[in-house]
Amino acid sequence: FGARLARGSVGSGHGRVVAKQVLGLDDFISHDWRTHHRAKFLSLCILFNARAAAIGSLFVGVIASVLELHVLHWPGQLLTLEYSVGGQERSHVSVVSAFIVCPAVFWFLLFFWQRVCSMLCWHRVVFFDKLCIDQLDEERKNRGILALAGFLKHSRRIKVLWGQQYLSRLWCTYELASWIHLGKAIHAVDFMPVAFAEALLHYALFMTSAVLVWEVCDFQWSDAWG
């Protein structure tokens, strides 16, 4: 999906429609075309995959930790960190699954959860104009644009990828106005500021790296830090 989102549209050779006919839509994705595709991709990962990534990493981490400590009776001295606090020597046994398995599962599910769902035949049906409306055939493109209200009518929720120029784009405003005009539920509108999505994932990456460094390194604190 990320590769398709990054490709060009009209005249690029990759703009052919990749949609299929369905009876209803789970989500209608509303976005402006000027926002960078990377920001949109990260926003969609959070909207569709973040919950599964958090639950999956927690579940796998707990199971792996229990197996590691009570069944395998590992780790040994290699993962026992010794440090000094207030002049007193202390030690801390690190569970390798807590800082290796959990982040690995989290990042994998964050980016590939929908692929896992497809392999398990759990399909989520969404409308994304760049992929569902033919970008090469002008006649089919116009018909698809004129049918936007119909797609909205048969969608359960609308995901708004909120960028700085979102409300300055006519079709973005039209999609929100059509949703309200059709009497669709306001609580079914999910706003995701794309800048927030990028910042959140950068923060998560920083925290993951910080935890790994904290656990791997054997810190020595002086009495002043005690």
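Everything that follows concerns the structure shown earlier in this document.
A brief structural summary. (Residues numbered from 1 in each chain as written. Predicted model: local features only at pLDDT ≥ 70, side-chain atom pairs only at ≥ 80, totals over all residues. Heavy atoms only, no water.)

### Focus on helix H7 (residues 170–181)
The test is simple: Put simply, DSSP marks the helices as runs of H or I at least four residues long and the strands as runs of E at least two long, and each gets a number from the N terminus on. What a helix is expected to span follows from its residue count: subtract one and scale by 1.5 Å. Three labels apply to residues, based on accessible area from a 1.4 Å probe with only protein chains included: buried if under 20% of the type maximum, exposed if over 50%, partly exposed otherwise in between. Directions from the helix axis toward the C-beta atoms define the arc. Any two residues having at least one pair of non-hydrogen atoms within 4.5 Å are treated as being in contact.
Along its 12 residues, H7 runs 16 Å from first to last C-alpha, staying within 8% of the 16 Å computed at 1.5 Å per residue. Looking at H7, one finds that the buried residues are Cys 172, Glu 175, Leu 176, Ser 178 and Trp 179. For H7, the buried positions fall inside an angular range of 160° around the axis, keeping them on one side. In H7, the exposed positions angled more than 90 degrees off the buried face are occupied by Leu 170, Ile 180 and His 181. Looking at the buried side of H7, the elements it contacts are strand S1 (25–30), helix H6 (148–153), strand S5 (155–162) and strand S6 (189–193). Phi turns positive, to about 75°, at Gly 183, one or two residues after H7.

### Regarding the pattern of salt bridges
Convention followed: Salt bridge, as used here, is a side-chain nitrogen of Lys or Arg placed within 4 Å of a carboxyl oxygen of Asp or Glu.
One pass over the full model with this rule turns up seven salt bridges. Across the pair Asp 27 and Lys 159 runs a salt bridge, and its minimum N-O distance is 3.6 Å. Here Asp 27, found in strand S1, pairs with Lys 159, found in strand S5; they are 132 residues apart in sequence, far enough to count as distant. Overall, Asp 27 belongs to the buried group, its relative accessible area being 0%. Residue classification places Lys 159 among the buried positions, given a relative accessible area of 6%.

### A few points about the pairing of S5
Selection rule: Should DSSP find at least two bridges between two strands, the strands are taken to pair. The handedness of a crossover follows from its direction of travel: if, with the strands pointing away from the viewer, the path from the first strand over the helix to the second runs clockwise, the crossover is right-handed.
Of the pairings in the sheet, the one linking S1 to S5 comprises five bridges and is parallel in character. By the bridge assignment for S5, Asp 27 is matched with Arg 157. Strand direction decides the pairing type here: S5 and S6, joined by five bridges, are parallel. The residue of S6 that forms the bridge with Val 160 is Phe 191. In the classification by handedness, the crossover that spans S5, the intervening H7 and the parallel S6 is right-handed.

### Comments concerning the sheet that holds S5
Test applied: Axis definition: a line fit to C-alpha positions, over the contact stretch in the case of helices; interaxial angles, taken between N-to-C directions, run 0 to 180 degrees.
With parallel pairing, four strands are arranged side by side in an open sheet as S4-S1-S5-S6. Both edges of this open sheet fall to strand S4 (126–128) and S6, since each of them pairs with a single strand only. Strand-to-strand twist in this sheet, taken as the mean axis angle between neighbours without regard to direction, amounts to 20°. Running at roughly 145° to S5, H7 makes contact with S1, S5 and S6 of the sheet.

### Re the packing of aromatic side chains
Rule in force here: Pairing of aromatic side chains requires ring centres within 6.5 Å, counting the rings of Phe and Tyr and the six-membered ring of Trp. Pairs whose planes differ by under 30 degrees are stacked, by over 60 edge-to-face, and all others tilted. Two conditions define a charge located above a ring, namely a distance within 6 Å from the ring centre to NZ of Lys or CZ of Arg, and an angle within 35 degrees of the ring normal.
All told, the structure shown has nine aromatic pairs when counted by the stated rule. Between Phe 41 and Phe 111, the ring centres sit 6.2 Å apart and the planes meet at 10°, which makes this aromatic pair stacked. Here the residue Phe 41 occupies a position in helix H2 (residues 37–71), and Phe 111 occupies one in helix H3 (residues 96–119), the gap between them amounting to 70 residues. Judged by its relative accessible area of 24%, Phe 41 is partly exposed. Residue Phe 111 is classed as partly exposed on the basis of its relative accessible area of 30%. With 5.4 Å between their ring centres and 90° between their planes, Trp 171 and Tyr 174 make a pair best called edge-to-face. Separated by three residues within a single helix, Trp 171 and Tyr 174 lie in helix H7, roughly one turn from each other. The class for Tyr 174 is partly exposed, based on a relative accessible area of 30%. Through a chain of ring-to-ring contacts, the aromatic side chains of Phe 41, Phe 106, Trp 107 and Phe 111 assemble into a single cluster. We note Lys 159 situated over the ring of Phe 48; from NZ or CZ to the ring centre the distance is 5.5 Å. The ring of Trp 179 carries the charged tip of Lys 184 above its face, separated from the ring centre by 5.2 Å.

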